[in-house]
Number of protein chains: 4
Amino acid sequence: MASVKRIGIITSGGDAGGLNAVIKGVAKEAYAHGIESVIIPNGYAGLYNLVDMSEVVVLNEERVGRIDASLAGSEAGHSRVKISKIADVNRYEKIKEGLKKFGIEALIISGGDDTGSVVVDLGTQGIPCIHVPKTMDLDLQPYSVGGDSAINRIAEFARDLKTTGMSHNRIMIIEVFGRYVGHTAFRGGVGAEADCILIPEIPVDFDIVYEHIKSVYCARVERSDVKAGTYTIVVAEGIKTAGGEMLYDESAGVDAFGHKKLAGAGKYVRQQVEKRMKADPYVKDFMKKVGMYVPGVYEIPEVREISPSHLVRSGQTFAYDVNFGYRAGAAAVALLLEGKSGNTVVDVSGKEIFYVPTPEAIKRREVDTSEVALFESLGTCFGRKPAKFEHVFVEVKGLIKRYC
Amino acid sequence: MASVKRIGIITSGGDAGGLNAVIKGVAKEAYAHGIESVIIPNGYAGLYNLVDMSEVVVLNEERVGRIDASLAGSEAGHSRVKISKIADVNRYEKIKEGLKKFGIEALIISGGDDTGSVVVDLGTQGIPCIHVPKTMDLDLQPYSVGGDSAINRIAEFARDLKTTGMSHNRIMIIEVFGRYVGHTAFRGGVGAEADCILIPEIPVDFDIVYEHIKSVYCARVERSDVKAGTYTIVVAEGIKTAGGEMLYDESAGVDAFGHKKLAGAGKYVRQQVEKRMKADPYVKDFMKKVGMYVPGVYEIPEVREISPSHLVRSGQTFAYDVNFGYRAGAAAVALLLEGKSGNTVVDVSGKEIFYVPTPEAIKRREVDTSEVALFESLGTCFGRKPAKFEHVFVEVKGLIKRYC
Amino acid sequence: MASVKRIGIITSGGDAGGLNAVIKGVAKEAYAHGIESVIIPNGYAGLYNLVDMSEVVVLNEERVGRIDASLAGSEAGHSRVKISKIADVNRYEKIKEGLKKFGIEALIISGGDDTGSVVVDLGTQGIPCIHVPKTMDLDLQPYSVGGDSAINRIAEFARDLKTTGMSHNRIMIIEVFGRYVGHTAFRGGVGAEADCILIPEIPVDFDIVYEHIKSVYCARVERSDVKAGTYTIVVAEGIKTAGGEMLYDESAGVDAFGHKKLAGAGKYVRQQVEKRMKADPYVKDFMKKVGMYVPGVYEIPEVREISPSHLVRSGQTFAYDVNFGYRAGAAAVALLLEGKSGNTVVDVSGKEIFYVPTPEAIKRREVDTSEVALFESLGTCFGRKPAKFEHVFVEVKGLIKRYC
Amino acid sequence: MASVKRIGIITSGGDAGGLNAVIKGVAKEAYAHGIESVIIPNGYAGLYNLVDMSEVVVLNEERVGRIDASLAGSEAGHSRVKISKIADVNRYEKIKEGLKKFGIEALIISGGDDTGSVVVDLGTQGIPCIHVPKTMDLDLQPYSVGGDSAINRIAEFARDLKTTGMSHNRIMIIEVFGRYVGHTAFRGGVGAEADCILIPEIPVDFDIVYEHIKSVYCARVERSDVKAGTYTIVVAEGIKTAGGEMLYDESAGVDAFGHKKLAGAGKYVRQQVEKRMKADPYVKDFMKKVGMYVPGVYEIPEVREISPSHLVRSGQTFAYDVNFGYRAGAAAVALLLEGKSGNTVVDVSGKEIFYVPTPEAIKRREVDTSEVALFESLGTCFGRKPAKFEHVFVEVKGLIKRYC
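For clarity, every value in this text was computed on a predicted model and none was experimentally measured.

1. Here's the deal with the interface of chain A and chain B
The interface is formed by 58 residues belonging to chain A together with 59 residues belonging to chain B. Buried area between chain A and chain B, both sides added, is near 4,400 Å², and the carbon and sulfur share of it is 58%. Remark: the boundary between chain A and chain B carries 4 salt bridges. Measuring nitrogen to oxygen at the nearest pair gives 2.7 Å for the salt bridge that ties Arg63(B) to Asp225(A). Mapped by element, the contributors of at least two residues to the side of chain A that touches chain B are helix H2 (43-49), helix H6 (147-168) and strand E9 (303-306) of chain A.

Take a look at the structure:
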């Protein structure tokens, strides 16, 4: 690959922190090798339409200097377009024509699991591709740019909401992204010291959640001299119930065809908690004991759900993702020049560039529930009967790997 | 009132920044005068149930020291209980018994418009009351603690979301609180340089909004070398349409009785924008021109609505509200000692303590649309045909009043 | 002035939050009137060298769109160059030539007190000028863009440092800008609930400061179950001592000529506190009582001074300054078109544009010490024997002026 | 160790983020095992004086609930007291008496390298000890609580200062902690995209730094349409010069004994840069070319140094440190119960608890300069002639270790 003259950069899927560092890492490492890099705008939409564009942006020193690596999102843009969803059977031909038109000989693509098959497909079509893992959900095998930033923001928002919770003695439910996994809910929830963290990896038994609320929240309010307390639940959007039901919206009734409507995870959790509170005579006694009870007006504690939604992936990128992004972008260029198309960057540490074949990289990674048990031993509820933390001790020999 | 020995502090309504400064201002000024202050917990719920409590918290130096004035919410707690909603006809008797039980001779109540009538009623019942204005909506006549903090947070969130908007070329809609007025949407929107700000004071003509989007957003994407652009709408929850319709959810169909369902303001705005985009052939041309168009997959720009919800009132309190809260709390004690029950603190400046009768204070204050016209002249859309900024010039003589 | 075709924008003096909003306000209001605005870069350095430049930047829609109003500092740049310091006797001629070269018929200058004389001088030379007040020190008569942002950041930093103070039981001293006045130290200090705030308006009696430390700090540590406490001092750089001495560095000895060296305000305060602690046997007893005393190693509490320095004027601009900046920039254009050269914008409220003659605007404004007395009654030390808060009550009639 | 009934928690050395999570992790894991944990206040000062205290704080559920894990610093307090510095020859006897008095059978100590010898010594004296690594400098072998938070804050401050730098076209120097190593300067500097990062591991050649400034900074200002540019240097306090000189303050002259005074790293760097600028005729030409030059007033660009100092270790703790702190605290209890006194927690991942003998853990860890070369290839200056990034490729097999 020593002869490559121009590479294209694509960011695909959803936005996340650190992508601008990836782009800058690629561009700067590329021109250290005398290679030009260009932006293919707006993800796969731009890749598909490339042939019809009149020009592409070359990332020279001046242009790169206008990108801020600590700003979330991507200068290259994203779109929700998946190559597999494009009906056009000649889509790969069209893509190849576009690349040819602008003399783009290879691609570096930063994206999540959908990106994987594209990397493989394009490779098959003779377009060398390197994959830089990006997903704020952290559902790929390697660390993916954007994860730490999402975790920090989830933690910050969940923590902030405690002032509202404490003032109103509310159960606060924060619903966050994560698709089929709970990494960011887990780490972000711990970062905010949530009382309860609900993740897709552990089907939720709401009776257990409710009992935990009662014992933790009620004790908190009762022992407070000003009768104040809150309880924080961080819930990942993809949770399942212990009984295997869908998350039906209990307030919505049925539609014209008799179908129940689905609720978002936050709303569903709220309904489950409220339902149990209304039915439980203990709650009224508690309300009376702490002086909150007013008949007909205030009979059970309030429960509120909040979805910070895109706020957790926007704004500022944290230092780890900027560092990782730069390293990963530079490593992608190195891998490309080494002829290692079809691989995914894992990380750089010291002088070692770690990588895996892309099909391995994009296999779904779930939260290790062994570690969840550690936090259960510390009192956090995960919607199941707490498991024992079955640990083993490992003495580390030689240089200790660490994240920074 | 020189003989008062113990005063009670109540915070009512919703939480907001700066209330802890009010509480500390009251407590510290009180003990400077040898008066004890106590917390009546959880708003009017606690006031109503006071007689049944076994003790109240006295705000001595140690206890006050454990309150952080820069943390949002209230150490005294809130509840959504309104005195007027309590069915008990003897409610004022019960309240008076509670106050008597603990030797509380006067009250300082920080709250919004609902608080006003209570202040008057309790005064009629012989309980001296001073009102400190609190509402993150800023719908009272005087400045109210919590407003600046809410504005700063709205601005921050709306600004943060631009990274997501820019990455995906999305129209971003941020729905915020405000009830019947648009103060915080207006100031927060300007603080984030929103392209469009929709407030209850100006009925929204969505055709005008849509034309503004087209001219501003499309031009932005087109002139960007990487074909990136976004458009930010900050919308207050209480908006009305120019045609006077309710905000019906167009995706929801009708219920069993044929009734349409209402949508939140953010969702409604999204539907109005999407509907026009789908129907407008210009949009498809635009999508093609900038290389975003993929048939069947990506035919119009994405529109997303986000509700930061309680996040805008939680977390950190900004410096202005801490300063104002302290001043207002101290002033409330001074007014009480002067025998000015039934009044609302306006502010302290230099040695002057400003106040108004509470019934005056709680009259709804709306956004001055003259000033809106200034921002229309600068290019911001407010959902109407821009008005001319009809200004007058005023030379200031003497000491200039300023906010800090 | 209706015929003006092109105006120049200058930002002079030091950087501050909100200037970019001023620039955008000017530019957008200008093109609403069909007037072009251009940036004269780098303050008076650029104005002086304008005639030698090959081009200036016109603030059209695209260029304005690349300025972020919520980013501190100025897109137009600053320099420490004062016109009065330029030795060239033909400096005004040279400036006029530069303006003529680029067809700039009028100027809008945002700056502090030095700016004032320039505005007057240029007016005398036939160049219409409007002044927009800018100073993070708030030492002009009107509110000046940058003040609120500086206050918020001072408050944030002083508050953050409490975690270090609490962990080490330290007296923490935060030195901030302010030149001859204490506005931002005062408001920022209150915003962080500093225990002691030292400002130039009140000559500092360090014996009083020291006694306050002893009574507040020692009590705090003693009553803490984990023997933890801190004490926060916010000090403005321009403080004077009660005795009228210079702030000599007591650790520095004298130079070759026998001259003492001056210390910064923070260092000076530290030395005064440490000196008294070392000499006071009470302190050793206190250290023993709370279990901190270790002979020869830890005999008095630690005192640390920190200078956040430029951090308080950099980074993010808060919402008030963005709002004010936009209003002020637009108002400057309106004043210019009205022929009101030589005036300073005060603010816009509703449809009223307030202004004062620039020579009035730039008179130094000090902190109103009547209001300081209010905070003394609440327990804050200002380095003097607390004054009585001699307040008067004023009932407000008509529309209440408020800051937002 | 299964019989231990009460353990003591000590935090020693300087404050850092995440320690409160460590304390809570210890306390919660302890009471999961029916063990009481108590705080020994103020580090080794408190340990030494323990025998004279009347009581210690037991960390029951209520008391633990009042600790906020996301607040930096330590609820247990710190002191700069080192056991080795205490003159008392019976110090260990006294410590043992104190522990005995309160029934404390084992210790968990979170601290840096000084802590190590104490852990070993106390073990020798029959007091079981586990060490949790804490140092914001990251100079121990394992990751240490506080590192990520310090890096994030350094990055944030360095980034914020760019607005000041850009406005005044200044060279900005940010001096940060780090003692003998440059981990946080490195990672924080990259996080802020500093142009130059100076660390103790790489002796600084200031001629190289100066040439880098000239080529990067001058080009930036020249190509800016508004003639704006800045250059950011992050410098660790412990840097050395390539020539092996001490960091002498060139502005300070000599003292009465002819000794030169030392400068802090930031000041020293500033002097080196300014000296070269003044002597270099190119700089005057540059100043003229960009319109900044004013004779006698403004002849070279300004250089400013800022020391955020304790601000980088105070305030908020980021999510990674809260997560790590909780895991590490819990693991410390597990190691203690397993009888592994004299060891240091490395981390927990899944069900594996990693540890090393404390003497291994506290060996100084320096920045891997191989990885520095990666960033040199991307254009960052490290004060030396850029080294080639000599990388090796490693395909990862099996489960990928990742930081979260």
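From this point, the narrative continues.
2. Here's the deal with the side chain of Glu274(B)
All names here are of chain B. Locating Glu274 in the fold gives a position in helix H9 (residues 265-279). Since its relative accessible area comes to 17%, Glu274 is described here as buried. When sequence neighbours within four positions are dropped, the list of residues in contact with Glu274 reads Ile300 and Val303.

3. Observations regarding the nonpolar core
Soluble globular proteins: nonpolar side chains tend toward being buried together. Formed by 320 residues in total, the largest nonpolar core has its most connected members in Ile7(A), Ile7(B), Ile7(C) and Ile7(D). Contact partners of Ile7(B), with chain neighbours within four places excluded, come to Val26(B), Ala30(B), Ile35(B), Glu36(B), Ser37(B), Val38(B), Ile104(B), Ala106(B), Ile108(B), Val333(B) and Leu336(B).

4. Comments concerning helix H6 (residues 147-168) of chain C
All names here are of chain C. The first and last C-alpha atoms of H6 sit 32 Å apart over 22 residues, in line with the 32 Å expected at 1.5 Å per residue. Where burial is concerned, most of H6 is hidden: 19 out of the 22 residues are buried. One or two residues past the end of H6 sits Asn169, with phi positive at roughly 50 degrees.

5. Section: unusual backbone geometry
Here the phi dihedral of Leu138(B) falls at roughly 60 degrees; this positive angle occurs in a residue that is not glycine. Residue placement: Leu138(B) occurs in the loop between strand E5 (129-133) and helix H6 (147-168). Classification of Leu138(B) by relative accessible area gives buried; the value is 0%. You will see that Asn42(D), though not glycine, has its phi angle at about 60 degrees, which is positive. For Asn42(D), the position within the fold is in the loop between strand E2 (36-39) and helix H2 (43-49).

6. Some words on the relation of the copies chain D and chain A
Mapping chain D onto chain A is achieved by rotating through 180 degrees and translating by 0.0 Å along the same axis, at an RMSD of 0.0 Å. Interpreted geometrically, this transformation is the action of a two-fold axis. Ranked by how close their C-alpha atoms come to the rotation axis, the residues of chain D are headed by Tyr403(D), at 2.8 Å. Here 100% of the contact residues of chain D are again contact residues in chain A; the copies associate through an equivalent surface.

7. Some details on the environment of Val132(C)
All names here are of chain C. Inspection of the secondary structure assignment puts Val132 in strand E5 (residues 129-133). As for Val132 and Ile108, which are separated by 24 residues in sequence, their C-alpha atoms are 7.2 Å apart. Once residues within four sequence positions are removed from consideration, Val132 is found in contact with Val22, Ile108, Ile109, Ser110, Gly111, Ala328, Ala332 and Val345.

8. Description of the pattern of salt bridges
Summed over the entire model, instances satisfying the criterion amount to 116 salt bridges over all chains. Note that Arg384(B) is salt-bridged to Glu376(B), the shortest N-O span being 2.8 Å. A single salt-bridge network, built from bridges that share partners, covers Asp113(A), Asp137(A), Asp139(A) and Arg179(A).

9. Here's the deal with the relation of the copies chain A and chain B
Take chain A, turn it by 180 degrees, move it 0.0 Å along the axis, and it overlays chain B with an RMSD of 0.0 Å. Comparing interface residues between copies, 100% of those in chain A also lie at the interface in chain B; the contact surface is shared.

Calculation rules
Residues numbered from 1 in each chain as written. Chains lettered and ligands numbered in written order. Predicted model: local features only at pLDDT ≥ 70, side-chain atom pairs only at ≥ 80, totals over all residues. Heavy atoms only, no water. Contact = heavy atoms within 4.5 Å. Buried area = accessible area lost by both parts, 1.4 Å probe. Salt bridge = Lys/Arg side-chain N within 4 Å of Asp/Glu carboxyl O. Helix = DSSP H or I, 4+ residues; strand = E, 2+ residues; numbered from the N terminus. Buried < 20%, exposed > 50% of the residue type's maximum accessible area, 1.4 Å probe, protein only. Core = buried A, V, L, I, M, F, W, Y, C linked by side-chain atoms within 4.5 Å. Expected span 1.5 Å × (residues − 1). Least-squares fit on C-alpha atoms with pLDDT ≥ 70 in both.

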